[in-house]
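# Architecture at a glance
Residue strings, one per chain:
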Amino acid sequence: MPDTHFYRYDEYDRRLVAERVEQFRDQVRRRLAGELTEEQFKPLRLTNGLYLQLHAYMLRIAIPYGTLSSRQLRKLAEIARKYDRGYGHFTTRQNLQLHWIKLEQAPDAIAALAEVDMHSIQTSGNCVRNTTADHFAGAAADEIEDPRVWCEIVRQWSTLHPEFSFLPRKFKIAITGSPNDRAAVRVHDIGLRLWRNDEGEVGFEVIVGGGLGRTPMIGKTLREFLPRDELLAYLEATLRVYNRYGRRDNLFKARIKILVHEIGAEKMREEVEAEYRSMKDSALKLAPETVEAIARQFAPPPLRPGRTRVPEVEALKLGDPDFALWLKSNVAPHRVPGHAIVTASLKPAGAPPGDASAAQMEGVADIADMYSFSEIRVSHEQNLVLPHVAIEDLPAVYRALGRLGFAEANVGKITDIIACPGLDYCSLANARSIPVAQRISTRFAALARQHDIGDLKIKISGCINACGHHHVGHIGILGVDKNGVELYQISLGGDVDFGQTSLGTILGPAVPADRVVEAVEALVAVYLDARRAGERFVDTYRRLGIQPFKERVYAAV
Amino acid sequence: MAKNLSGDLQIASANRLADGMVVFLDEAGQWTGRLDRAAVARDRRAAEILLERARVESFTVVDPFLVAVVEDEAGHIEPLSLREKIRASGLTFAAIAAEAVRYA
């Protein structure tokens, strides 16, 4: 494996995953031979991330905290090509979904994953799912501490945890180590925010009971400051309370957010704290050497401070307006001077958001090898990130990404749309998401116009389960089915950026599929007419309220 | 199940066990990927029998169910719901081609 700077499996991890591959191979064999019924087999395949969707089986592959090596990404490309249709879909949980897997080949696919220390365990079912993190972790200029160290600790603790394998519902944890939350921690079952107190100590704010879906909720802070070494004890206490009191009688009321809502944050805090007191000095207390051993695996690459103003970059900026826009939207500050974080946009105009072909994955892996210490991140906004790029290499990276179709200067702009797979793939969906995203991104493709509109996040879900995070889109779009016709409900004012988490407000009656683009045009027009200097779309919305947007949209559609 | 029986014409569908592919039960009791070969039940009783037959023939498929369809004058059938239209005919957009972009 190339010299990567993140966690590598130890013998225990490898044995666990290898055993699981062989167990699953035998389970598939028995199912195909008719020795297991579908009722018996379904929970076994779901435990390994294998869903049966509209057209085929879908394999959801865990990408721990969205961190990949180039070798792993190449393997994902190989699996996509060999066992699927040669492309994959990066998801809002930093995972990869392959939508055309054959059951008879699924064991070979997960065996191939194991070759590069990857698996699909706990990507389904009522267990603790892949812990997500800031996709700029370990590189961001504003970071207090690398959250992936803690994600890995959570991964090891939660993998096949016997007490938490049959929770009332699935359970999602996100961790950020920066004041600018890029991991949407307030809309997770548990969100953890690393911060430094007045004494200079770093600890966690523990936020519990957030979530999107049918009943969106912003999480409540149960602990303002939790010492880092007590993380697992506090998580265990929280999950134990949830396991004890979470509702199992109603699927739609089983998430921890409903429990927190029903008993109140104060009562939840009392219960968790009582449980926590009984175990805080137990074996769950993290020994410094344990944390240090994991932290060492995330040691930053050997970056030397370099020039921040590079003549070639400045010249290209003047000569190529698209490059200048790309620098503004797709390149973020790095903690080490002379370096930058580059986001490869998986949202070229008219393309399915978050999809990448095998060749494109291999191309990104090549670029990572040449320019980013073989590291890649998957963002929850369905893009790929090259975390450690020298500023002098930016022109070369821009050109290389451009050859892949991934250099669109649109990160954070109106065409950087989050979209779930929707009714084209998903058996839960009521309406399509991807074609709607494609129409919007085609209409607004002109980069100068996108940059004039500025930061505007559109998020599209094909059903109320909200995999496309529509509740927290500046413009949220939810597909609904009314008597067999696809309609789209629009909401405004959702946000997860800069710690200002808010849920969108529904604009009014849902609009027909062929009017969604016009509705977005009308919303943008209101903003452009009314914005003040420095206001983003969502800021103008907050100042004006919903009425002017409502009037313009329903006059237009 | 009542919901599935609401249309006048029904066919039986499932996903093939080995690869998940969408299949339909034909007149001979075989599962086929071709919608135009699906056996059509023309009333409620026939639909119940068709579904029972699909369940009996379900060794190589997963969870058979009934799909409401319409039939044109030429005898071509099409599912009523968008979901089933998509199941029968595939994605409604062009997926990224595996080798459309070759990194040079």
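As shown above, the structure is provided for reference.
Residue numbering note: each chain is counted from 1, following its sequence as written. A letter from A marks each chain and a number from 1 marks each ligand, given out in the order of writing. Per-residue local features are limited, in this predicted model, to residues with pLDDT of at least 70; the limit for side-chain atom pairs, both in listing and counting, is 80 or more; totals at the level of whole chains, interfaces and linings are taken over all residues. Computation of side-chain values: all heavy atoms of the structure, hydrogens and water removed.

### Some thoughts on the pattern of salt bridges
All names here are of chain A. To be explicit about the condition: A side-chain nitrogen of Lys or Arg and a carboxyl oxygen of Asp or Glu constitute a salt bridge if their distance falls within 4 Å. Here a helix means four or more residues in a row that DSSP labels H or I, a strand means two or more in a row labelled E, and each is numbered from the N terminus. Any residue under 20% of the maximum accessible area for its type is buried, any over 50% is exposed, and the rest in between are partly exposed; the area is computed with a 1.4 Å probe on protein chains only.
All told, the structure shown has 62 salt bridges over all chains when counted by the stated rule. Measuring nitrogen to oxygen at the nearest pair gives 2.7 Å for the salt bridge that ties Asp-146 to Arg-148. For the salt bridge of Arg-307 with Glu-392, the shortest nitrogen-to-oxygen distance reads 3.3 Å. Here Arg-307, found in the loop between α9 (288–297) and α10 (311–319), pairs with Glu-392, found in the loop between β15 (384–390) and α13 (394–404); they are 85 residues apart in sequence, far enough to count as distant. Look at Glu-392 and you get partly exposed, because its relative accessible area is 45%. Linked through salt bridges whose partners overlap, the residues forming this network are Glu-163, Glu-236, Arg-240, Arg-244 and Glu-275.

### Considering the interface of chain A and chain B
This is how it is decided: Note on contacts: a residue pair qualifies if any of its non-hydrogen atoms lie within 4.5 Å across the two residues. Throughout, buried area stands for the accessible area (probe radius 1.4 Å) lost by two parts on being put together, summed over both. Any pair of nitrogen or oxygen atoms within 3.5 Å is treated as a polar contact; in protein, a donor-acceptor pairing is required on top of that, and neighbouring residues in sequence qualify only through side-chain atoms on both sides.
With 48 residues of chain A at the contact, the number on the chain B side is 30 residues. Taking both partners together, chain A and chain B bury about 3,000 Å²; carbon and sulfur atoms supply 62% of that area. Between chain A and chain B we count zero salt bridges in total. There are nine residue pairs in polar contact (both at pLDDT 80 or more) connecting chain A and chain B. Here the side of chain A that touches chain B gets eight residues from one element, more than from any other, and that element is helix α12 (residues 358–371) of chain A.

### Quick notes on the packing of helix α1 (residues 11–32) of chain A against helix α4 (residues 106–114) of chain A
Residues and elements named next belong to chain A. The condition is simple: Inter-axis angles, ranging from 0 to 180 degrees, are taken between N-to-C directions of lines fitted to C-alpha atoms, where helices are fitted over the stretch in contact. Roughly parallel means an angle under 35 degrees; roughly antiparallel means over 145; roughly perpendicular covers 65 to 115; every other angle is labelled oblique. Three classes are used: nonpolar for Ala, Val, Leu, Ile, Met, Phe, Trp, Tyr, Cys and Pro, charged for Asp, Glu, Lys and Arg, and polar for all others, with Gly counted as polar.
One way to put it is that α1 packs onto α4 with a least axis distance of 9 Å and a crossing angle of 175°. One element, α1, and the other, α4, form an angle in the roughly antiparallel class. Facing Val-17, Val-21, Phe-24, Arg-25 and Val-28 of α1, the residues of α4 in contact are Ala-106, Pro-107, Asp-108, Ile-110, Ala-111 and Ala-114. Split by residue class, the contact of α1 with α4 holds nine nonpolar, no polar and two charged.

### Some remarks on helix α14 (residues 434–443) of chain A
All names here are of chain A. The buried fraction of α14 is high, at seven of 10 residues. Three or more residues of α14 are buried, namely Ile-434, Pro-435, Val-436, Ala-437, Gln-438, Ile-440 and Ser-441. Against β16 (418–419), β17 (458–461), β18 (475–482), β19 (485–492) and α16 (516–530) lie the buried residues of α14.

### Points about the sheet that holds strand β2 (residues 57–61) of chain A
All names here are of chain A. Our working rule: For two strands to pair, DSSP has to find at least two bridges joining them.
Judged by pairing direction, the sheet is antiparallel, and its five strands sit side by side in the order β1-β2-β5-β4-β13 without closing on themselves. Since the sheet does not close on itself, it has two edges, and those belong to β1 (50–52) and β13 (355–357), each with one partner. For this sheet the average axis-to-axis angle between neighbouring strands, irrespective of direction, equals 30°. Summarising the sheet, β1 and β2 pair through three bridges and their orientation is antiparallel. Each bridged residue has a counterpart across the sheet, and for Tyr-51 the counterpart in β2 is Met-58. Sitting on the sheet, α12 is in contact with β4 (87–90) and β13, with an inclination near 85° to β13.

### Comments concerning the sheet that holds strand β3 (residues 31–32) of chain B
All names here are of chain B. Pairing in this open sheet of five strands is antiparallel, and the strands run β3-β2-β1-β4-β5 from one edge to the other. Of all the strands in the sheet, the pair left with one neighbour each is β3 and β5 (77–79). Bridging between strand β1 (residues 9–16) and strand β4 (residues 61–71) involves seven bridges; their strand directions are antiparallel. Across the sheet, residue Asn-15 finds its bridge partner in β4, namely Val-62. Packed onto the sheet, helix α1 (residues 44–56) meets β1, β2 (22–25), β3 and β4 and runs at close to 150° relative to β4.

### Here's the deal with helix α5 (residues 148–158) of chain A
Since the α-helix packs 3.6 residues into each turn, any two residues three or four apart lie on the same face. All names here are of chain A. Of all 11 residues in α5, 10 are buried; the element is thus mostly enclosed. Those residues of α5 not exposed but buried are Arg-148, Val-149, Trp-150, Cys-151, Glu-152, Ile-153, Val-154, Arg-155, Trp-157 and Ser-158. In the stretch just after α5, Leu-160 is the one whose phi turns positive, near 55°.

### Brief notes about the nonpolar core
Residue and element names in this part refer to chain A. How we decide: Residues enter a nonpolar core if they are buried and are Ala, Val, Leu, Ile, Met, Phe, Trp, Tyr or Cys, with the set joined through side-chain atoms within 4.5 Å.
Core analysis: the biggest nonpolar cluster contains 67 residues, and Leu-76, Phe-90, Trp-326, Leu-386, Leu-394 and Leu-401 have the highest contact counts within it. It is α12 that contributes the most residues to this core, seven residues altogether. Those residues in contact with Leu-76 that sit more than four places away from it in its chain are Ile-61, Ile-63, Leu-68, Leu-96, Leu-113, Met-118 and Met-361. Ranked by size, the runner-up nonpolar core spans 50 residues in total, among them Phe-204, Tyr-242, Met-279 and Val-291.

### Re the side chain of Ser357(A)
Within the element layout of this structure, Ser357(A) appears in strand β13. Overall, the relative accessible area of 0% leaves Ser357(A) in the buried class. In this structure Ser357(A) touches Gly86(A), Tyr87(A), Ile96(B), Ala97(B) and Ala98(B), once residues within four positions along its chain are discounted.

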